[in-house]
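Working through the structure, step by step
Now for the letters of each chain:
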Amino acid sequence: MAELHVELVAADRQVWSGKASLVVARTSSGDIGVMPGHQPLLGVLQSGPVTIRTTGENGDGTVVAAVHGGFISFADNKLSLLAEVAELSDEIDVQRAERALERAKSDADAAAERRADVRLRAVTGVH
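Residues numbered from 1 in each chain as written. Predicted model: local features only at pLDDT ≥ 70, side-chain atom pairs only at ≥ 80, totals over all residues. Heavy atoms only, no water.

Per an unreviewed UniProt entry, the protein chain goes by the name ATP synthase epsilon chain and belongs to Streptomyces gilvosporeus. Its UniProt record gives the protein chain a comment under Subunit (unreviewed entry), which states: "F-type ATPases have 2 components, CF(1) - the catalytic core - and CF(0) - the membrane proton channel. CF(1) has five subunits: alpha(3), beta(3), gamma(1), delta(1), epsilon(1). CF(0) has three main subunits: a, b and c." For the record of the protein chain, the UniProt heading Subcellular location (unreviewed entry) holds the text "Cell membrane". (UniProt positions renumbered as here; feature names shortened; annotations may be inferred.)

Printed below as a string of structure tokens:
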């Protein structure tokens, strides 16, 4: 099976690295799916869940992360997701994210509401 190497990096840490068969992310041009052999690309990441279909030594599976801004780059079967902020779904405290969403709604803070919504969508798998 063809694979691509994926690096998901936030401003403060490496979030995830490994082999994948497909990565789906939201860009300023819309949602994009990247598979091995994809045309080279450089784009702006929008806030949204990133889904990585993993392969390799850890077996087939899915990794989902909440990503808030950044860049996506693909060339030579290497995909780099360079995010301002990124959290793996299993790192997200659902109750805290729900409280943040409610607080953002009551404060009419659209940016905070978007961040909380993305975090909850990453955990629940609703894109």
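All right, on to the UniProt feature "coiled-coil region" (unreviewed entry) in the protein chain then. Feature annotation in UniProt assigns "coiled-coil region" (unreviewed entry) to the following positions: residues 78-121. In this annotation, residues 78-121 is assigned 59% helix and 25% strand; the end-to-end C-alpha distance for the span is 26 Å. (Helix = DSSP H or I, 4+ residues; strand = E, 2+ residues; numbered from the N terminus.)

Quick look at unusual backbone geometry now. Phi at aspartate 76 is positive, roughly 55°, even though this residue is not glycine. Relative to the helices and strands, aspartate 76 is located in the loop between strand E6 (61-75) and strand E7 (78-88). In this structure, asparagine 77 is a non-glycine residue whose phi angle is positive, near 60°. Among the secondary structure elements, asparagine 77 is positioned in the loop between E6 and E7.

Right, let's talk about the pairing of E7 for a bit. Looking at chain direction, strand E1 (residues 4-10) and E7 are connected through 6 bridges and run parallel. In the strand pairing of E7, alanine 10 is matched with alanine 83. Where E6 folds back onto E7 in an antiparallel hairpin, the turn is made up of 2 residues, including aspartate 76, whose phi is positive at roughly 55°. (Pairing = 2+ DSSP bridges.)

What follows covers helix H1 (residues 94-107). Taking 1.5 Å of rise per residue, 14 residues should cover 20 Å, and H1 covers 20 Å from first to last C-alpha, within 8% of that figure. Listed as buried for H1 are Ala97, Leu101 and Ala104. With its buried residues spanning 70° around the axis, H1 presents them on a single face. The outward face of H1, more than 90 degrees from its buried face, is lined by the exposed residues Gln95, Ser106 and Asp107. The inward-facing, buried residues of H1 contact helix H2 (110-124). (Expected span 1.5 Å × (residues − 1). Buried < 20%, exposed > 50% of the residue type's maximum accessible area, 1.4 Å probe, protein only. Arc of directions from axis to C-beta. Contact = heavy atoms within 4.5 Å.)

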